[in-house]
Each structure stands twice: as C-alpha cells, then as structure tokens.
Amino acid sequence: MPSHHWEAVERACARLDSAAGERVTLAELAAEVGMSPWHLQRVFRKVVGVSPRDYADALRAARFKAELKAHGRVAEATYGAGYGSSSRVYEAAARTLGMTPATYAKGGKGARIVYSLAESPLGRLLVAATAAGLCFLALGDDEAALIAELTAEFPAAESIERDDLAIQDSLEVLMAYLEGETPHLDLPLDVRATAFQRRVWSELIAIPYGETRSYREIAELLGLPKGQRAVGRACATNPVSLVIPCHRAIRGDGGLSGYRWGLPRKARLLELEAEGD
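What you see is a predicted model; the values in this text were computed from it and never measured.

### Brief notes about the packing of aromatic side chains
Part 1 of the argument: Applying the stated criterion across every chain yields a total of 2 aromatic pairs.
Part 2 of the argument: Relative to W261, the ring of F136 has its centre 6.4 Å away and its plane inclined at 85°; by these criteria the two rings are edge-to-face. In this pair, F136 is assigned in strand β3 (residues 134-140) and W261 in the loop between β6 (249-250) and α13 (263-276), connecting sequence segments 125 residues apart. This pair shows no difference in class: F136 is buried, exactly as W261 is.
Part 3 of the argument: Aromatic pair Y177 and Y209: ring centres 6.3 Å apart, planes at 75°, arrangement edge-to-face. With Y177 in helix α9 (residues 164-178) and Y209 in the loop between α10 (195-206) and β5 (213-214), the pair connects residues that are 32 residues apart, well separated along the chain.
Part 4 of the argument: Overall, Y177 belongs to the buried group, its relative accessible area being 3%.

### Quick word on the packing of helix α2 (residues 26-33) against helix α3 (residues 37-48)
Each packed pair of helices is defined by two parameters, the angle between the axes and the distance between the axes.
Part 1 of the argument: Put simply, α2 and α3 touch, their axes get as near as 9 Å, and they point 85° apart. Judged by the angle between their axes, α2 and α3 are roughly perpendicular. Mapping the contact onto sequence places L26, A27, L29, A30 and V33 in α2 and P37, L40 and Q41 in α3.
Part 2 of the argument: Here the residues of the contact of α2 with α3 are counted per class, giving 7 nonpolar, 1 polar and no charged.

### Regarding the confidence of the model for the protein chain
Close inspection of predicted coordinates is inappropriate for parts of the model with low pLDDT.
Part 1 of the argument: Looking at the protein chain as a whole, the pLDDT averages 78, with 77% of positions reaching at least 70.
Part 2 of the argument: Confidence drops under a pLDDT of 50 for residues 71-106, and excluding neighbours within four residues, the segment shows 64 contacts in the predicted structure.

The rules behind the values
- By convention here, each chain's residues receive numbers from 1 onward along its written sequence.
- In keeping with the model being predicted, local features are shown solely for residues with a pLDDT of at least 70 and side-chain atom pairs are shown and tallied solely at 80 or more, while totals for entire chains, interfaces and linings include all residues.
- No hydrogens and no water enter the side-chain calculation; it runs on all heavy atoms of the structure.
- Stacked, tilted and edge-to-face are the three classes assigned to paired rings of Phe, Tyr and Trp, where Trp is represented by its six-membered ring and a pair needs centres within 6.5 Å; plane angles under 30 degrees give stacked, over 60 edge-to-face, the rest tilted.
- Here a helix means four or more residues in a row that DSSP labels H or I, a strand means two or more in a row labelled E, and each is numbered from the N terminus.
- Exposure is judged per residue with a 1.4 Å probe applied to protein chains only, and the accessible area is read against the type maximum: over 50% gives exposed, under 20% gives buried, and values in between give partly exposed.
- Where helices are involved, their axes are fitted lines through C-alpha atoms of the stretch in contact, as for all axes, and angles between N-to-C directions lie from 0 to 180°.
- Any angle between 65 and 115 degrees counts as roughly perpendicular, while under 35 counts as roughly parallel, over 145 as roughly antiparallel, and the rest as oblique.
- Contacts are residue-level and defined by heavy atoms, with any inter-residue pair within 4.5 Å sufficient.
- Each residue is assigned to one of three groups, with Ala, Val, Leu, Ile, Met, Phe, Trp, Tyr, Cys and Pro labelled nonpolar, Asp, Glu, Lys and Arg labelled charged, and all others, Gly among them, labelled polar.
- pLDDT expresses, on a scale from 0 to 100, how confident the predictor is about each individual residue.

Right, dumping it as structure tokens:
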C-alpha cells in the first residue's frame, strides 16, 4: 500500500481520536485527508479492519463508559460522549456494554456472576462466568486479592457468588490445559470489546499452541506496522487471559513484557506449552 495511504489513515484516526463528543462525517473526514469519501472508506477499512464509522463508534462507546464510571449519570454521559439522544445509547448498549447504560453506571447492578477457585500449576486460578459464558480469569497467590479483581469491574453486581458446580466443566478444561493435556481451549465467552480489541484477540487465538508472535508481528498482521503499542494495550485489557492467550505475545527481541499476572507466570505458561507441543 502506498505510504500516502498510511499517512491519510493515520491522520483520519488522529482526527477521530481528538473529536471528543463531536461527530465527524465521512465526507468531512475525507476532505481533511484529501481523499474521496469512497476511497477513504476503502483504504481505512483495509488498514484498520473496520470502517471510520465503526472506529468512531468504538471511541464513543469508550468515552461513554468512562463518563458513566466518573459521574454515574446517563444524561451527562450521553451528550458528553457525542450521542445525539438517549435512544441511540440504548440501541448500542448491548453491543458495547453488555447491559443497559443505567446498569453499567451503577457498577453492573443486576449482573449475576458465579466463580470458582482451584490450585493450578501457576498458583490459584479464579474462573468467573455469567449465564452467557466466561467473563473473567485470574491467576495469583491470594484468594482475597483475586476476588477483589473480579468485583472491581462489577462492584454493584446483583450477585457474585462462589459456585463450584456451575463452573466445574470450564474449570476442568482450563486445568487440563495448564497441565498440558488439552492444547486447545474452546469455551463460551461473555466479554466486551471494541472492534480493534476483537481483531487483536482473534490474532492471539490464531497463534498455534507452543508458538509466539511479537507485538510488531501481530500489528503487521492487522495491517498496522506501527501499531505494536496499541496491540500491547489490547493484550493488557484481555479479561480472559488463558482462553485468549495474550501470553503468546512477546517483545521483538524475544523478551517478555506486559503480563497482568506477572512475568514469571507468563514464562511458565510458555514453558508448559513448549513442553506439550
């Protein structure tokens, strides 16, 4: 792809990033980067993987969630994030929040989450799920700290209860994976993500068991040769870090960095996969 196309897409992303609550039409965006709307749409989708509108929607949803967490008022967040009306917010809520805006603003009020804990080769493993699928996985040494991690995202959930029976099947699959018996994880998930996060997570899942990719290599596969930092952020926000194997993302020099549950666990995970390959 010509370098001026990359530059145009970078300028378009920067313009959308800085738009705050302002809505920018495709025609306006195209005029600013010196392309026709049709041409920009095609090039932007090829580079970023989504349309300019989808990219802007993901940014708006992120701003909306931040406003809700900060203020807890749907009306303020609606207009602060650039939604024209409350109806637009509720239309997008299931896709971006997994619950209504008012519920999200109240810290997940109404959510019902069950979890279980077990001793694994990497320390204590916490597995949590909604009725739709796994929503959170954590590794650590202290049960109280792991439960605190879980409740931080949903501080006002209707219930967060330990239910070993409800989680048993998923926990057995995860334990078999950590013990090298099951190289492939295929479990239902209930996670929220922007379009870009989903693209990164899909690339992580596509990395074969026992192999790794650098952040730069993943970015290049996405058509974003300068996007390794964005890839790193997407890895850091992964809430189900075994099923979506962000431990397989490494630095370009082969070194390890950026694992929420500690670099020793990341190293051990890679060793376990290498041994079972």
